[in-house]
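What follows is each chain in one-letter form.
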Amino acid sequence: LPADVGRRPWDGMKATMKIMLSTFGTRGDVQPFVALGQGLQAAGHEVVVCTPEGFRSFVEEHGLTYAFVSNDFLALTEQTLRAQGLRAQMAASRQFPAVIRRGLDEEWRAAQAFDPDLIIYHTKSLGSYHIAENLGIPQMVAMPLPTTPTRAFPYPFFAGVRLGGTFNRFTYTVMGLALAMWAGTTNHFRVKTLGLRPLSSFADPMVGPDRQPIPVLYPYSPHVVPVPADFPANVHVTGYWFLDDAKTWKPEPELSAFLDAGPAPVYVGFGSMGGAQPEKRGRMAIEALSAAGQRGLLASGWGGLKADRLPKD
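One structure accompanies this document, and this report is about it. (Residues numbered from 1 in each chain as written. Predicted model: local features only at pLDDT ≥ 70, side-chain atom pairs only at ≥ 80, totals over all residues. Heavy atoms only, no water.)

Let's talk about the overall build of the protein
We count it as follows: A helix here means a DSSP run of H or I that spans at least four residues, while a strand means a run of E at least two residues long, and both kinds are numbered starting from the N terminus. The size measure is the radius of gyration over C-alpha atoms, and the globule rule it meets is 2.2 Å times the number of residues to the 0.38 power. In this scheme, a residue with accessible area under 20% of its type's maximum is buried, one over 50% is exposed, and one in between is partly exposed, where area comes from a 1.4 Å probe on protein chains only. We call two residues in contact whenever any of their non-hydrogen atoms come within 4.5 Å of each other. Only four residue types enter the charge count, namely Lys and Arg as positive and Asp and Glu as negative; His and the chain termini do not. In plain terms, the charge of a residue is placed at NZ if it is Lys, CZ if Arg, CG if Asp and CD if Glu.
Tallying secondary structure elements over the protein gives 10 helices and nine strands in all. In summary, the protein has a C-alpha radius of gyration of 21 Å against a globular reference of 20 Å for 313 residues, a match within 12%. Considering only C-alpha atoms, the protein reaches an extent of 60 × 50 × 40 Å along its principal axes. Out of the 313 residues belonging to the protein, those deemed buried represent 39%. At a minimum sequence separation of 6, the contacts of the protein that also span at least 24 residues come to 57%. Computed over 29 positive and 27 negative side-chain charges, the separation of the two mean positions in the protein equals 7 Å.

The following block contains the structure:
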């Protein structure tokens, strides 16, 4: 764990802790937390993973304790994305506040049952910040992509725009304003459930109740995204948290034959990310592999990458 110590509430932390990992989203949001949980458990800590119910078997199959959150938010998100027409999308989106509110209560019940010494959470787990404040325990944010303001590159949603350092930094402010839409729901949770005072709609979610920056863990490689010079000291790029399924997973025969036919290939994929021009990204991946003299394995995922004509390597 990072050495951001010497201040409340880190003073007097126990060598062996009860650590609650709270995450939300698709497989790419959950799997790194499962890998982290295994590492923390191997180091002697007691771990629980709080995540939507659809991932319960995935968590438990990897030897970790599961804490319940319903699938309602994920199901509503998918319903909204699949809705045909603006009117249908608006009708579905109006259900979000109530669904999010239930999820906050579920996360709180999980924390009460486990009584953690530390919470490490994905920013989509909207209750964790407030729960940590209520319990008077430290917290860390863990995200599989960088969201710390920097001049080096824009917020990931603006990745295709190149307008310089000032614009890059501004995009993080824009995303912070977008998150303010949930302030009413989280403040209702803070006041009615946790007995805390409400926060400003524009309060910085990366500053803790002690007015100190919250430690941030980024489980990606600095070889993929170099660490910007203006990242603050509380931000830690750790490298990937790999989950080894080699003992249970078996590849398809065609894939096994390809793997055995030459040197280990480079994997290229974008998981559940979609977006425009997947064919262009496919061509870029193939050209990059060719330029580097590498064999490749492409995962099309949810449409972030597409390639129909593949060279033999």
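Structural notes on the nonpolar core
Put simply, the rule is: The criterion is simple. A nonpolar core is a set of buried Ala, Val, Leu, Ile, Met, Phe, Trp, Tyr and Cys residues joined through side-chain atoms within 4.5 Å.
The biggest cluster of nonpolar side chains holds 37 residues, and the ones touching the most others in it are M20, I119 and Y218. Of all the elements, helix α5 (residues 96-114) adds the most residues to this core, at eight residues. If sequence neighbours within four positions are ignored, I119 has contacts with M20, S128, I131, A132, I137, P138, Q139 and M140. Grouped together as the second largest cluster of nonpolar side chains are 23 residues, L21, L36, V59 and L118 included.

Some thoughts on the packing of α5 against helix α8 (residues 183-193)
Quick note on the threshold: Only the stretch in contact is used when fitting a helix axis, every axis being a line fitted to C-alpha atoms; angles between N-to-C directions are given from 0 to 180 degrees. Throughout, the term roughly parallel applies to angles under 35 degrees, roughly antiparallel to angles over 145, roughly perpendicular to angles from 65 to 115, and oblique to all others. Rotating anticlockwise by less than a right angle from the far helix to the near helix defines a left-handed crossing, while the corresponding clockwise rotation defines a right-handed one. When residues are grouped by polarity, Ala, Val, Leu, Ile, Met, Phe, Trp, Tyr, Cys and Pro land in nonpolar, Asp, Glu, Lys and Arg in charged, and all others, Gly among them, in polar.
It is at 10 Å that the axes of α5 and α8 come closest, and there the two elements cross at 40 degrees. By the criterion of interaxial angle, the relationship of α5 to α8 is oblique. Viewed along their axes, α5 and α8 form a crossing whose handedness is right-handed. For the pair formed by α5 and α8, the contact residues are P97, I100, R101, L104, D105 and W108 on the first element and T185, T186, H188, F189, K192 and T193 on the second. For the contact of α5 with α8, a count of residues per class yields five nonpolar, four polar and three charged.

Considering the environment of T23
Operational definition: For the purposes of these results, a polar contact is taken to be a pair of N or O atoms within 3.5 Å, where, inside protein, one atom must be able to donate a hydrogen and its partner to accept one; residues adjacent in sequence count only when each atom of the pair is a side-chain atom.
Locating T23 in the fold gives a position in the loop between β1 (18-22) and α1 (27-42). We classify T23 as buried; its relative accessible area is 1%. Setting aside anything within four residues of it in sequence, one finds T23 in contact with D29, V30, F33, C50, T51, P52, H122 and S125. Within the structure, the side chain of T23 is placed 2.7 Å from the backbone oxygen of D29, a separation counted as a polar contact.

What to know about the pairing of strand β5 (residues 139-142)
To be explicit about the condition: The pairing criterion is simple: DSSP has to find at least two bridges between the two strands. Looking down the strands as they point away from the viewer, one classifies a crossover as right-handed if the path from the first strand across the helix to the second runs clockwise.
Covered by surrounding structure in β5 are Q139 and V141 together with M140 and A142, the residues of both alternating faces. In this structure, strand β4 (residues 118-121) lies alongside β5, joined through three bridges in parallel fashion. Bridge pairing links Y121 to V141 in β5. Crossover connection from β4 via helix α6 (residues 128-135) to parallel β5: handedness right-handed.

Some details on the sheet that holds β4
Spatially, seven strands are ordered β3-β2-β1-β4-β5-β6-β7 in an open sheet, and the strand pairing comes out parallel. In this open sheet, the two strands that pair with only one neighbour each are β3 (65-69) and β7 (235-237). Here the strands of the sheet are splayed against their neighbours by 20 degrees on average, with no regard to which way each runs. Each of β1, β4 and β5 touches α6; the most contacted strand, β4, lies at about 170 degrees to it.

Comments concerning the packing of aromatic side chains
Filter applied, for reference: Pairing of aromatic rings covers Phe, Tyr and Trp, the last counted by its six-membered ring, and requires centre-to-centre distances within 6.5 Å; plane angles under 30 degrees mean stacked, over 60 mean edge-to-face, and any other angle means tilted. In this scheme, the term charge over a ring applies when either NZ of a lysine or CZ of an arginine sits within 6 Å of the ring centre and within 35 degrees of the ring normal.
All told, the structure shown has six aromatic pairs when counted by the stated rule. When the ring of F158 is compared with that of F167, the centres are 6.3 Å apart and the planes differ by 90 degrees; the resulting orientation is edge-to-face. We classify F167 as partly exposed; its relative accessible area is 22%. Taking the centre distance of 5.7 Å and the plane angle of 50 degrees together, the rings of Y240 and F242 count as tilted. Of the aromatic side chains, those joined through ring pairs into one cluster are Y155, F157 and Y172. Its end group placed over the ring of F114, K18 keeps NZ or CZ at 4.9 Å from the ring centre. For R281, the ring lying beneath its charged end belongs to F270, and the centroid distance is 5.9 Å.

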